[in-house]
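Chains, contacts and geometry: an overview
Okay, here's what each chain looks like letter by letter:
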Amino acid sequence: KEVKPKGPFTPKFEDYQQVYNTVAKALEEHDEYDDGSYGPVLLRLAWHASGTYDKETGTGGSNGATMRFTPEGDHGANAGLKAARDFLDPIKEKFPWISYSDLWILSGICAIQEMQGPHIPFRPGRTDRDVSFCTPDGRLPDASQEQKHLRTIFGRMGFNDQEIVALSGAHALGRCHTDRSGYDGPWTFSPTTLTNDYYKLLIEEKWAWKKWSGPKQFEDVTTKSLMMLPTDMVLIKDKSFRQYVEKYAKDNDAFFKDFADVVTRLFELGVPFTTGEDARWTFKSSFDEA
Ligand code: DDH
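The structure displayed is predicted, hence computed values, not measured ones.

1. Considering the domain arrangement of the protein
Here the protein is partitioned into domain 1 (13–139 + 263–279) and domain 2 (147–257). Taking only C-alpha atoms, the centre of domain 1 and the centre of domain 2 are 22 Å apart. Listed per partner, the contact involves 27 residues of domain 1 and 20 residues of domain 2. Buried area between domain 1 and domain 2, summed over both chains or domains, comes out near 2000 Å², and the portion from carbon and sulfur atoms is 60%. Of all residues in domain 1, D35, M115 and R265 bury the most surface against domain 2, accounting for 26% of the area lost on that side. Counting across the domain 1 and domain 2 interface gives 11 residue pairs in polar contact (both at pLDDT 80 or more). Within the residue set of the side of domain 1 that touches domain 2, elements represented by two or more residues are α2 (39–50) and α10 (252–268). The element contributing the most residues to the side of domain 1 that touches domain 2 is α2, with four residues. Partitioned by chemical class, the residues of the side of domain 1 that touches domain 2 number 14 nonpolar, seven polar and six charged.

So this is what it looks like as structure tokens:
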């Protein structure tokens, strides 16, 4: 006979791991999407939920999941992220006790780990907020800009040059869509596996302006099948950024370590946790030994 727990349900690590496993299974099942995975767009959802943080006012960040609402959901930078939110809806229905904001971050972590990236520690504690907490447009980076813009946008979140470069390695994953950002194509030849190829390609390939009527972007001269945004190229033009591109191009372990550290911080921006950093958990991925 089933024994129902008394009082409110307090989810534990095992419960969150079950959500993780369900996201991982859905990723595997829906391999018809894009390059074979919803992983990149799930990661982008978690990043755009978090990257609105402003350290001066404490507004924005991954607490709240306010991208569910207009106007934030309609901000240009968030075009296409409905695909990720819709993907997660059935999972939210299955686990009604988890907040959207915890679910989006947990799913971003799941996406990274299931695309063979490093483990990203997680702690719950995000609560969903109403439309009045939507952030103003313009807090996320604009791909047509230069180093000054990158330092302003990421500086507002609290990140330095090394952290900007480490975070940008996420562009090993996924692609640009003409019907979303206007840009077109993937950055690497393996857009559903996290590697340091983004840095290697930046340094080793020859890049030239793509000749087309779309927004200004770069293409690789050899195959013309890869792309870089103007903001990506800034990372090798600017001396301070470039030293980290060179470091990560040479050393995938160093990239994975720094990426895990900075993404952990990114995903916790603006969250009023009642637990300490020692309360973070690490989810088991499909690649880990049972
Ligand atoms: Fe990004 N990104 N991103 N990005 N991003 C796009 C796609 C993806 C910028 C612009 C774009 C980060 C930083 C930057 C991912 C993760 C991360 C697209 C294409 C544009 C444009 C969208 C589309 O058309 O569908 C700019 C500018 C910056 C910057 O200035 C540094 C960071 C920090 C991350 C992260 O995750 C930590 C991912 C993943 C994608 C692929 C999405 C997809 O659907 O595929």
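Now, onward.
2. Regarding the coordination of the iron atom of the ligand
You will see that the iron atom of the ligand has only one donor from the protein, H171 (NE2), lying 2.1 Å away. The topology assignment puts H171 in the loop between α6 (161–168) and β1 (175–176).

3. Brief notes about the packing of α6 against α10
Packing of α6 against α10 leaves a shortest axis separation of 9 Å and a crossing angle of 100 degrees. As judged from the angle between their axes, α6 and α10 are roughly perpendicular. Between α6, through Q162, E163, A166 and L167, and α10, the contact on the second element is made entirely by F255, D258, F259, V262, V263, R265 and L266.

What counts, and where the lines are drawn
- Residues take numbers from 1 onward in each chain, read along the sequence in its written order.
- Selection of residues for local features in this predicted model requires a pLDDT of at least 70, selection of side-chain atom pairs for listing and counting requires 80 or more, and totals for whole chains, interfaces and linings are taken over all residues.
- Only hydrogens and water are set aside when side-chain values are computed; all heavy atoms of the structure are taken into account.
- Note that the domain bounds were set by an automatic or database domain assignment.
- Contact definition: two residues touch when any of their heavy atoms are within 4.5 Å.
- What counts as buried area is the accessible surface, traced by a 1.4 Å probe, that two parts surrender upon association, with contributions from both included.
- The definition of a polar contact used here is a pair of N or O atoms within 3.5 Å, where within protein one atom must be able to donate a hydrogen and the other to accept one, and adjacent residues in sequence count solely through side-chain atom pairs.
- Helix and strand definitions here come from DSSP, where helices need a minimum of 4 consecutive H or I residues and strands a minimum of 2 consecutive E residues; each element is numbered from the N-terminal end.
- Residues are sorted three ways: Asp, Glu, Lys and Arg are charged, Ala, Val, Leu, Ile, Met, Phe, Trp, Tyr, Cys and Pro are nonpolar, and all the rest, Gly among them, are polar.
- Only nitrogen, oxygen and sulfur atoms within 2.8 Å of the metal, or 3.2 Å for Na, K and Ca, are treated as donors, and water is left out, so sites may look incomplete.
- Helix axes are fitted to C-alpha atoms over the stretch in contact, other axes to C-alpha atoms as well, and angles between N-to-C directions run from 0 to 180 degrees.
- Note on terminology: angles under 35 degrees are roughly parallel, angles over 145 are roughly antiparallel, angles of 65 to 115 are roughly perpendicular, and the others are oblique.

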